[in-house]
Amino acid sequence: MPLKSFHTLSRMIRFDSREFRRAGRVPDKLAPIRNVWEKWAERLPCLYNPGPEVTVGEQLGPFRGCCPFRQYIPSKPGKYGIKIRTLCDATSSYVWNMQVNTRKAASGALEKNGGVRILLDMTEGLRWRNITCDSSFTSYELGQELLKRKMTMVGEVRKNRKGREVFSSKFAFIPSATLVSYCPKRNRSAVLLSTLHKDAEVGDGEDRKPAVVMDYNRSKGGVVNLGKATGIYSCKRVTARWPLVIFYNIIDVSSHNAVIIWNKLNPTWMAGKRSKKRAFLDQLGRELVTPQIQRRGHPHPARRLRRPSREPSRGWNLAPIRPRFRLQPL
């Protein structure tokens with residue numbers, strides 16, 4: 001494909017119909033790409049069964065253009081962008097479900113206990129799993145609802161509690177949940193809620209970490225590893241249209257999931273190599289474009305163009321091109 005044609009398609013591509021755009025503004029903020037997003041998200045849980053531990057977190061697609069739900073998160077590398085909630089396997093980082101955070105609902109009213117509803121929607125269909133989440137989702141109500149679905153939870157509640165002894169732990173128990181406060185360094189503490197652990201088990205290391213903290217640290221990196229994997233090999237381009245940002249994220253996540261499925265089905269493929277993902281994406285791209293190259297190389301006989309004549313046309317002006325600027329003698 002010529003470079004000019006590629007830029008033209010990237011500038012003109014749309015994901016909704018012209019009649020829908022003429023109807024004016026609609027309450028759904030994700031309407032310009034809602035149809036494509038939902039069809040793609042429905043395919044994610046059908047191709048892979050996650051392991052016993054899954055991670056729920058948030059990603060930020062960098063974007064500084066006009067968007068009704070653009071957010072500012074100073075702790076993220078891009079700071080400005082579109083927040084996407086992600087549920088992935090804690091070991092392989094396979095994306096099992098995703099939701100775009102459009103902030104307020106269509107009615108404009110703030111929702112109470114929104115984290116509980118969001119996580120229950122994202123884990124619909126899962127059973128007998130342990131959910132690891134951050135402080136934006138963790139709550140006692142969420143833990144009780146997950147227990148009804150035969151799932152447990154380990155999540156961070158809050159931190160930065162001062163006046164504690166370093167490497168000390170405090171536990172609180174109820175029949176269905178465990179609360180632990182651990183102080184990893186001076187003037188800092190981490191409070192975690194768990195419905196998986198039932199005792200005050202502490203590690204034998206020098207830092208004396210509780211089992212709740214060790215399990216949380218082991219399984220919380222699923223979403224972080226996903227961001228690293230999709231950031232190294234990405235198809236993202238600079239754009240001023242937010243639907244394209246979401247579309248680029250769809251392509252990156254789809255290629256990441258394809259690599260995981262291929263490695264699970266072919267464990268001996270390129271064994272011991274560190275560039276397996278790069279080789280897979282290169283081969284995937286070639287297989288996707290090869291049919292189009294062959295189609296353009298052998299067009300239909302009725303559509304073949306007449307071979308151009310070697311002689312120039314009479315209408316061409318073969319006069320030499322005069323330079324715009326003349327050099328003046330010194």
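See above for the structure.
Residues numbered from 1 in each chain as written. Predicted model: local features only at pLDDT ≥ 70, side-chain atom pairs only at ≥ 80, totals over all residues. Heavy atoms only, no water.

Each helix and strand in the chain was counted, giving nine helices and nine strands. Counting over 330 residues, the chain shows a buried share of 37%. Relative to all contacts within the chain whose residues are 6 or more apart in sequence, the contacts with residues 24 or more apart total 56%. When the accessible area of the chain is evaluated, it comes to approximately 22,600 Å², of which 54% is carbon and sulfur surface. (Helix = DSSP H or I, 4+ residues; strand = E, 2+ residues; numbered from the N terminus. Buried < 20%, exposed > 50% of the residue type's maximum accessible area, 1.4 Å probe, protein only. Contact = heavy atoms within 4.5 Å. Areas by Shrake-Rupley, 256 points an atom, 1.4 Å probe, with all protein chains shown as cover.)

Right, let's get into the packing of helix H8 (residues 242-265) against helix H9 (residues 276-297). It is the contact of H8 with H9, at a shortest axis distance of 10 Å, that shows an interaxial angle of 110°. As the angle between them shows, H8 and H9 are arranged roughly perpendicular. Residues Ser255, His256, Ala258, Val259, Trp262 and Asn263 of H8 form the contact with H9, whose own contacting residues are Lys276, Lys277, Phe280 and Leu281. Residue composition of the contact of H8 with H9, grouped by class: five nonpolar, three polar and two charged. (Axes fitted to C-alpha atoms, helices over the stretch in contact; angles between N-to-C directions. Parallel < 35°, antiparallel > 145°, perpendicular 65-115°, else oblique. Nonpolar A, V, L, I, M, F, W, Y, C, P; charged D, E, K, R; others polar.)

Time to look at the pairing of strand E8 (residues 177-185). Here six bridges tie strand E7 (residues 169-174) to E8, and the two strands are oriented antiparallel to one another. Residue pairing for E8: Phe171 is matched across the bridge by Val180. The turn joining E7 and E8, which pair antiparallel and follow one another in sequence, is formed by two residues. As paired strands, E8 and strand E9 (residues 188-194) are joined by six bridges and run antiparallel to one another. (Pairing = 2+ DSSP bridges.)

Here the focus is the packing of aromatic side chains. For the coordinates displayed, the defined rule picks out ten aromatic pairs. On the numbers, 5.2 Å between centres and 55° between planes, the contact of Trp37 with Trp40 is tilted. Taken together, the positions of Trp37 and Trp40, both in helix H3 (residues 34-43) and three residues apart, correspond to about one turn of that helix. The two residues Trp37 and Trp40 agree in class, both being buried. Judged by centre distance (6.5 Å) and plane angle (50°), the ring pair of Phe247 and Tyr248 falls under tilted. With a relative accessible area of 23%, Phe247 lands in the partly exposed category. Each residue in the set Phe15, Phe247 and Tyr248 is aromatic and connected to the rest through ring pairs, giving one cluster. (Phe/Tyr/Trp six-rings, centres within 6.5 Å; stacked < 30°, edge-to-face > 60°.)

In terms of nonpolar packing, the biggest core is built from 23 residues, with Leu30, Trp37, Trp40, Ile82, Trp242 and Ile246 touching the most fellow members. A total of seven residues in this core trace back to one element, the largest contributor, which is H8. When residues no more than four places from it in sequence are discounted, the contact partners of Ile82 are Gln59, Leu60, Gly61, Cys67, Phe69, Val100, Trp242, Val245 and Ile246. Within the second largest apolar cluster, 22 residues are counted, among which are Leu87, Leu126, Cys133 and Ala177. (Core = buried A, V, L, I, M, F, W, Y, C linked by side-chain atoms within 4.5 Å.)

What follows concerns the side chain of Asn101. With respect to the helices and strands, the residue Asn101 is situated in the loop between strand E4 (95-100) and helix H4 (114-122). For Asn101, a relative accessible area of 9% puts it in the buried group. At 2.8 Å, the side chain of Asn101 forms a polar contact with the side chain of Arg85. Beyond its immediate chain neighbours, meaning those up to four positions away, Asn101 contacts Phe69, Gln71, Lys83 and Arg85. (Polar contact = N/O pair within 3.5 Å; in protein donor to acceptor, adjacent residues only side chain to side chain.)

Before going further, it helps to examine unusual backbone geometry. Backbone phi values are negative for most residues with the exception of glycine, while trans is the configuration of most peptide bonds. Despite not being glycine, Ser93 shows a phi value in the positive range, around 65°. One can find Ser93 in the loop between strand E3 (80-89) and E4. Owing to a relative accessible area of 3%, Ser93 belongs among the buried residues under this scheme. Positive phi, normally seen in glycine, also occurs at Met270, with a value near 50°. Here Met270 shows up in the loop between H8 and H9.

A few words now on empty space enclosed by the protein. Over the atoms, a rolled probe matching the size of one water molecule traces out where space is still vacant. According to the stated counting rule, one finds one cavity of 30 Å³ or more in the structure shown. Approximately 40 Å³ is the volume found for the largest cavity. Lining the largest cavity, in full, are Gly61, Ile82, Ile84, Lys236, Val245, Ile246 and Asn249. Among the secondary structure elements, those contributing two or more residues to the lining of the largest cavity are E3 and H8. Per element, the largest residue contribution to the lining of the largest cavity is three residues, and it comes from H8. Classifying every residue of the lining of the largest cavity by side-chain character gives four nonpolar, two polar and one charged. (1 Å grid on protein atoms, 1.4 Å probe; cavity = no way out; pocket = protein on both sides within 12 Å on 5 of 7 lines; lining within 4 Å. Points joined across faces, edges and corners; volume = space filled by probe spheres on them.)

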